[in-house]
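# Coordinates in review
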Amino acid sequence: MSHNRATNPQSVPLLDIVGENRPLHEEMLEAIRDVFETGRFLYGPAVTELENALAELSGAKHAVGCASGSDALLLALLAMDIGAGDEVIVPSFTFFATASAVERLGARIVFVDIDPATFNLDPAKVEAAITPDTKAVIPVHLFGRMANMTELQRIAEEAGIRVIEDAAQAIGSKHRDRGAGAWGDVGCFSFYPTKNLGGCGDGGMLTTSNDELAERLRLFAAHGMSPRYVHRVVGINSRLDTLQAAALCVKMKHLQRWTEARRENAARYHELFADVGLTKNITLPAAGDGTHVWNQFTIRVPNGRRDALRSHLAEQHIASEIYYPIPLHQQECFRHVSCAPGSLLESARAAAEVLSLPIFPDLTFAEQQRVVDGIASYFAARKISAA
Ligand SMILES: *Cc1c(COP(=O)(O)O)cnc(C)c1O
């Protein structure tokens, strides 16, 4: 994966992490130097500062740092005592970690299909999948667009099950007037470098408005130990390094501006694609209600043309990526997870059709124009009608 602008000026990268961080290098290095001065590499003041900032952004009462988004999911399930004999509903069209946390704890994965218009869990199908053993559902706010939390919360409350939001791609996003991470019992965030708030390595955070859960999350993230050398539960070791938090606090101040830039880029793609009239050949992501944070701008390319289009773009040095090429229910390691035939058709179709285009904040108008022209030229060269 290319994480910065290549030397070829005609190329369009998928991301530009180096460019995004460069104007902040001095400030981040200064913040990191401060951590060295105090020597508080764990549980330092920058961790608390970032926790407070994410709690405020999401609208949840508490935020708890941890080592990664994947650990956040694991910790959420641990804090809810989910394990053997329990069922947890997850989408199949998501990143691996959403489901692996369930399997890791010996609970049963129940894959549910997505709404093709949003790529997010279909609430009606979630409702139909609930059994007496269901303990939780993990909606993923895929690509930065929130799942239908109004419906999912209603269904979960009626069934008496927990909701864990996988908000790894949706920091700062909203559904109605409430932020990602403030809808479910727990929200899970990631600071993996390609996320909208990306660190200098791994990092994650949990949000909750439940005092007891907040305490349990902290307990499980610290060996279940409280006080020192008294272990109340079998926890894990999962902390957000103060060095990461220090760098992330610097970047957090720019998140709103970057999110706005992503929204402008998404709006511009909609305009540029409308100009070239490809509506029969590709499907654009729905513009939504302005609360989408566009971690990805993901189009659909039906009729088996996706991979050929991607190669055509690559020949013109235009980067694109497939998130995700194999739905989780088709992964080798989940072969034992039983799924009713035909129950995950939309997940499989999405995996075959999706293509994510560059949408990072510093993407220029000229670069977006090249992406759109590159796609238009693929269909024009094959005389595939745009009518
Ligand atoms: C990135 C991501 C994760 C995992 O986060 P890490 O910090 O990389 O462990 C989980 N779920 C989704 C949807 C993600 O995009």
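It should be noted that the structure appears before, not after, this text.
Anyway, here's the lowdown on the structure attached to this text. (Residues numbered from 1 in each chain as written. Predicted model: local features only at pLDDT ≥ 70, side-chain atom pairs only at ≥ 80, totals over all residues. Heavy atoms only, no water.)

### Details of the state of the cysteines
Working definition: the covalent bond between the sulfur atoms of two cysteines is a disulfide. Inspection of the entire model under this criterion finds 0 disulfides. For the unlinked cysteine Cys-249, the closest cysteine sulfur is that of Cys-200, found at 12 Å. For Cys-249, a relative accessible area of 12% gives the class buried. Sulfur of Cys-339: no disulfide; nearest cysteine sulfur belongs to Cys-333 and is 12 Å away. The class for Cys-339 is partly exposed, based on a relative accessible area of 30%. (Disulfide = S-S within 2.5 Å. Buried < 20%, exposed > 50% of the residue type's maximum accessible area, 1.4 Å probe, protein only.)

### Quick notes on the site of the ligand
The local shell around the ligand holds 17 residues, among which Gly-69, Ser-70, Asp-166, Ser-190 and Lys-195 are the closest. With respect to the ligand, the side chain of Gln-169 contributes an N or O atom lying 2.8 Å from an oxygen atom. Note that an oxygen atom of the ligand is positioned 2.6 Å from one of the side-chain N or O atoms of Lys-195. Contact with the protein chains removes 94% of the 380 Å² of surface that the ligand exposes when unbound. Broken down by secondary-structure element, the contributors of at least two residues to the shell around the ligand are α4 (69–79) and α5 (97–104). Looking at the shell around the ligand, the element that brings in the most residues is α4, giving 3 residues. Residue composition of the shell around the ligand, by class: 7 nonpolar, 8 polar and 2 charged. (Near = heavy atom within 4 Å. Polar contact = N/O pair within 3.5 Å; in protein donor to acceptor, adjacent residues only side chain to side chain. Areas by Shrake-Rupley, 256 points an atom, 1.4 Å probe, with all protein chains shown as cover. Helix = DSSP H or I, 4+ residues; strand = E, 2+ residues; numbered from the N terminus. Nonpolar A, V, L, I, M, F, W, Y, C, P; charged D, E, K, R; others polar.)

### Describing the side chain of Gln-368
Note that Gln-368 resides in helix α13 (residues 365–381). By relative accessible area, which is 0% here, Gln-368 ends up buried. Looking at Gln-368, its side chain comes within polar contact range of the main-chain oxygen of Asn-265, at 2.8 Å. With residues near it in sequence (within four places) discarded, Gln-368 still touches Asn-265, Arg-268, Tyr-269, Leu-272 and Leu-363. (Contact = heavy atoms within 4.5 Å.)

### Let's talk about the pattern of salt bridges
As enumerated under the stated definition, the model contains 19 salt bridges in all. With a shortest N-O distance of 3.2 Å, Lys-135 and Asp-86 are connected by a salt bridge. In this pair, Lys-135 sits in strand β6 (residues 134–137) while Asp-86 sits in the loop between α4 and β2 (87–91), placing the two residues 49 residues apart along the sequence. For Lys-135, a relative accessible area of 34% puts it in the partly exposed group. A relative accessible area of 10% places Asp-86 in the buried class. Here Arg-349 and Glu-346 are joined by a salt bridge, their closest N and O atoms 3.0 Å apart. Of the two residues, Arg-349 and Glu-346 both sit in helix α12 (residues 345–353), 3 residues apart, roughly one turn of that helix. (Salt bridge = Lys/Arg side-chain N within 4 Å of Asp/Glu carboxyl O.)

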